[in-house]
Amino acid sequence: MKKIIFAVCMVMAALTASAVVKPGIEVLRDGGFAQLQGKRVGLVTNPSGIDNNLKSTVDILNEAPGVELVALFGPEHGVRGNAHAGDAVGDAVDPLTGIKMYSLFGKTHEPTAEMLKDIDVLVYDIQDVGCRSYTFYATMGVCMEACAKHGTEFMVLDRPNPLGGNKVEGNLVEDGYYSFVSKYPIPYIYGLTPGELALFLNGEGIIAERSKTGHGCKLTVIPMEGWKREMKFRDTGMPWVLPSPQIPTPESAFFYPVSGILGELYIFNTGIGYTLPFQTFAASWINADSLAMRMNALNLPGMHFRPINYKPFFALSVAVDQSLQEVHGVQTYITDPDAANLCLTQFYFLQVIHEMYPQVELFEQNPKRYAMFDKVCGSKEIRERFIKRYKVADMADYWNKDAEAFQKRSASYYLYNPVPKSTSRIQGMPAAGKTIKETKK
């Protein structure tokens with residue numbers, strides 16, 4: 001037993017020693033949980049909410065002196081990560097702590113007045129992937145809306161954007177296409193940490209507008225220590241706990257925007273159900289060698305492709321090429337993530353496939369999927385412009401039209417580079433339409 005304990009301690013010491021970034025939960029703990037003293041706390045989290053020793057934020061706050069953890073809130077996949085993508089999650093009691101768990105991916109996505117009535121501050125600690133169709137940032141936003149409505153404080157324990165803080169791709173969501181996979185008017189890849197995004201949503205009056213209160217929430221962000229915008233997750237030295245089943249490694253966060261939009265058509269296998277989630281483009285009728293040659297001939301910056309043939313272990317739908325038959329296609333390699341245009345890669349794949357197999361109705365096979373495809377894109381314009389000739393050139397300008405302006409607009413909410421912060425940043429309750437410069441405290 002002593003040997004086992006010693007081995008565990010050595011592993012924990014090695015994890016801590018390798019980390020060059022402290023997540024918000026560690027910064028909060030180092031400060032004696034000052035911002036939570038004497039308060040009743042609700043915690044929105046999942047298995048990715050950990051310190052650098054892999055200790056859950058649930059346990060850290062439950063044991064914190066002067067802090068009363070009274071409720072847990074689970075996003076998609078649940079507090080303990082035991083629900084599959086898209087599955088409704090029910091309310092329960094956490095078996096490890098005995099604390100009530102509320103689902104934010106079941107009957108409601110937003111905490112109700114009843115859920116918040118005995119809570120002074122709602123704390124959010126989840127590892128994000130920096131992509132608009134990934135639902136955790138949406139959970140954070142609706143929690144902010146609920147806190148604005150019910151006068152509850154909101155706190156974000158910040159974590160890295162695994163893509164870094166400099167990559168922005170995609171158009172803003174347009175009216176008529178908002179959903180839980182495109183919840184707010186931000187690009188598909190938005191280049192902000194969870195804390196920075198919370199400051200943006202609050203400071204730009206978006207929470208005030210959505211909550212219909214005329215003001216945002218009382219927001220506190222506990223920044224990380226040591227994080228820089230150019231850092232990818234591997235650079236942080238922090239341990240990775242998969243935030244959802246199909247994001248097993250930090251690199252998965254880069255592949256998610258490479259094929260996630262295309263996956264909504266349910267025509268091609270993108271590695272889901274195999275060992276390479278979001279890393280492949282494949283179908284039973286594709287010539288893998290020819291596809292790889294054509295994709296590499298495009299000379300897409302930061303991308304490379306190799307032929308691959310495999311049989312998925314399980315299927316996520318009844319679509320023919322999501323079944324368990326062998327499929328053929330390409331595996332994607334991101335050789336330079338800063339140079340690569342991640343999102344457009346899947347549209348280049350569709351362009352090449354149309355050239356190779358013009359008789360295949362790529363979109364028409366599943367017209368019922370148009371609505372979800374358009375919601376993920378944030379507009380019908382992307383699909384409609386592309387399918388006229390199946391040329392990326394016809395939709396690329398529209399896809400990229402908002403990225404530069406958003407990056408400039410959101411820069412005033414940066415917590416790291418050029419003005420790093422090591423203490424909590426508190427934002428009052430900005431009125432609708434006001435910017436953070438008018439409301440910082």
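Quick caveat: nothing in here was measured; it's all calculated off a predicted structure.

1. Details of the environment of Leu291
Here Leu291 is to be found in helix α10 (residues 288-297). In contact with Leu291, not counting residues within four places along its chain, are Phe281, Ile286, Gly329, Val330, Phe349, Val352, Ile353 and Met356.

2. Considering the sheet that holds strand β10 (residues 327-334)
The three strands lie next to each other as β8-β10-β9, forming an open sheet whose pairing is antiparallel. Single-partner strands in this sheet number two, and they are β8 (280-283) and β9 (303-310). On average, each strand axis in the sheet is inclined to that of its neighbour by 20°, with strand direction left out of account. Pairing of β8 with β10 involves four bridges; the strand directions are antiparallel. Looking at β10, one finds that Ala282 is bridged to Gly329. Contacting β8 and β10, helix α9 (residues 252-259) runs over the sheet at an angle of about 125° to β10. Sheet strands touched by α10: β8, β9 and β10. Its angle to β9, the strand with the most contacts, is close to 175°.

3. Some remarks on the confidence of the model for the protein
A residue-level look at the protein finds 88% of positions with pLDDT of 70 or above and a mean pLDDT of 90. Here residues 84-88 scores under 50 on pLDDT; set against residues more than four positions off or in separate chains, the count is eight contacts. Contacts from residues 434-441, a stretch scored under 50 in pLDDT, to residues over four places away or in other chains number 21 contacts.

4. Focus on the pattern of salt bridges
Applying the stated rule across the entire model yields 21 salt bridges. Across the pair Lys167 and Glu169 runs a salt bridge whose closest N-O atoms are separated by 3.3 Å. Here Lys167 matches Glu169 in class, with each residue buried. Through salt bridges with shared partners, a single ionic network connects Glu26, Arg29 and Asp51.

5. What about the environment of Tyr348?
Mapped onto the elements of the fold, Tyr348 is located in helix α11 (residues 345-356). C-alpha separation for the pair Tyr348 and Leu298, spaced 50 residues apart in sequence, amounts to 8.5 Å. In this structure, Tyr348 is in contact with Met295, Leu298, Leu300 and Val392, ignoring residues within four places of it in sequence.

6. Quick look at α9
Across the eight residues that make up α9, a large majority, eight, are buried. Along α9, the residues classified as buried are Ser252, Ala253, Phe254, Phe255, Tyr256, Pro257, Val258 and Ser259. As for α9, its buried residues are in contact with β8, β10 and α11.

7. Here's the deal with unusual backbone geometry
Positioned with a positive phi, Lys212 is a non-glycine residue whose angle comes to about 60°. With respect to the helices, strands and loops of the structure, Lys212 is situated in the loop between α7 (206-211) and β7 (219-222). Its relative accessible area of 74% is what places Lys212 among the exposed residues.

8. Overview of the packing of α10 against α11
Where α10 contacts α11, the axes come no closer than 10 Å and their chain directions differ by 125°. Comparing their axes, α11 and α10 come out oblique. Considering the relative orientation of α10 and α11, their crossing is right-handed. Residues Ser290, Leu291, Arg294 and Met295 of α10 form the contact with α11, whose own contacting residues are Thr345, Tyr348, Phe349, Val352, Ile353, Glu355 and Met356. For the contact of α10 with α11, a count of residues per class yields seven nonpolar, two polar and two charged.

9. A few points about a nonpolar patch on the surface
The grouping of Phe313, Phe314 and Leu324 at the surface amounts to a nonpolar patch, some 310 Å² of accessible area in total. Along the chain, the position of Phe313 falls in the loop between β9 and β10.

10. Describing the nonpolar core
Residues Phe73, Phe154, Phe268, Phe347 and Phe349 are the most contacted members of the largest nonpolar core, which totals 110 residues. At ten residues, the largest contribution of residues to this core is made by helix α5 (residues 136-150). The residues touching Phe347, leaving out its near neighbours within four places in the chain, are Ile261, Phe373, Cys377, Ile382, Phe386, Val392 and Met395. Core analysis: the second largest hydrophobic core is formed by 22 residues, Ile60, Ala64, Leu69 and Val121 among them.

11. Structural notes on the packing of aromatic side chains
The tally for this structure, following the rule as stated, stands at 26 aromatic pairs. Both rings, one in Phe347 and one in Phe386, keep their centres 5.5 Å apart while their planes meet at 75°; by these two values the pair is edge-to-face. Taken together, the residues Phe347 in helix α11 and Phe386 in helix α13 (residues 381-386) connect sequence positions 39 residues apart. Feature note: the residues Tyr188, Phe347, Phe363, Tyr370, Phe373, Phe386, Tyr390 and Trp399 constitute an aromatic cluster, connected by ring pairs. Positioned above the aromatic ring of Tyr414, the side-chain terminus of Arg229 is 3.5 Å from the ring centre. The positively charged end of Lys401 is found above the aromatic ring belonging to Tyr398, 4.8 Å away from the centroid.

Calculation rules
Residues numbered from 1 in each chain as written. Predicted model: local features only at pLDDT ≥ 70, side-chain atom pairs only at ≥ 80, totals over all residues. Heavy atoms only, no water. Helix = DSSP H or I, 4+ residues; strand = E, 2+ residues; numbered from the N terminus. Contact = heavy atoms within 4.5 Å. Pairing = 2+ DSSP bridges. Axes fitted to C-alpha atoms, helices over the stretch in contact; angles between N-to-C directions. pLDDT = per-residue confidence, 0-100. Salt bridge = Lys/Arg side-chain N within 4 Å of Asp/Glu carboxyl O. Buried < 20%, exposed > 50% of the residue type's maximum accessible area, 1.4 Å probe, protein only. Parallel < 35°, antiparallel > 145°, perpendicular 65-115°, else oblique. Left-handed = near helix turned anticlockwise from the far one by under 90°. Nonpolar A, V, L, I, M, F, W, Y, C, P; charged D, E, K, R; others polar. Patch = residues over 30% accessible without salt bridge, like charges linked within 9 Å, V, L, I, M, F, W, Y side chains within 5 Å. Areas by Shrake-Rupley, 256 points an atom, 1.4 Å probe, with all protein chains shown as cover. Core = buried A, V, L, I, M, F, W, Y, C linked by side-chain atoms within 4.5 Å. Phe/Tyr/Trp six-rings, centres within 6.5 Å; stacked < 30°, edge-to-face > 60°. Lys NZ or Arg CZ within 6 Å of the ring centre and 35° of its normal.

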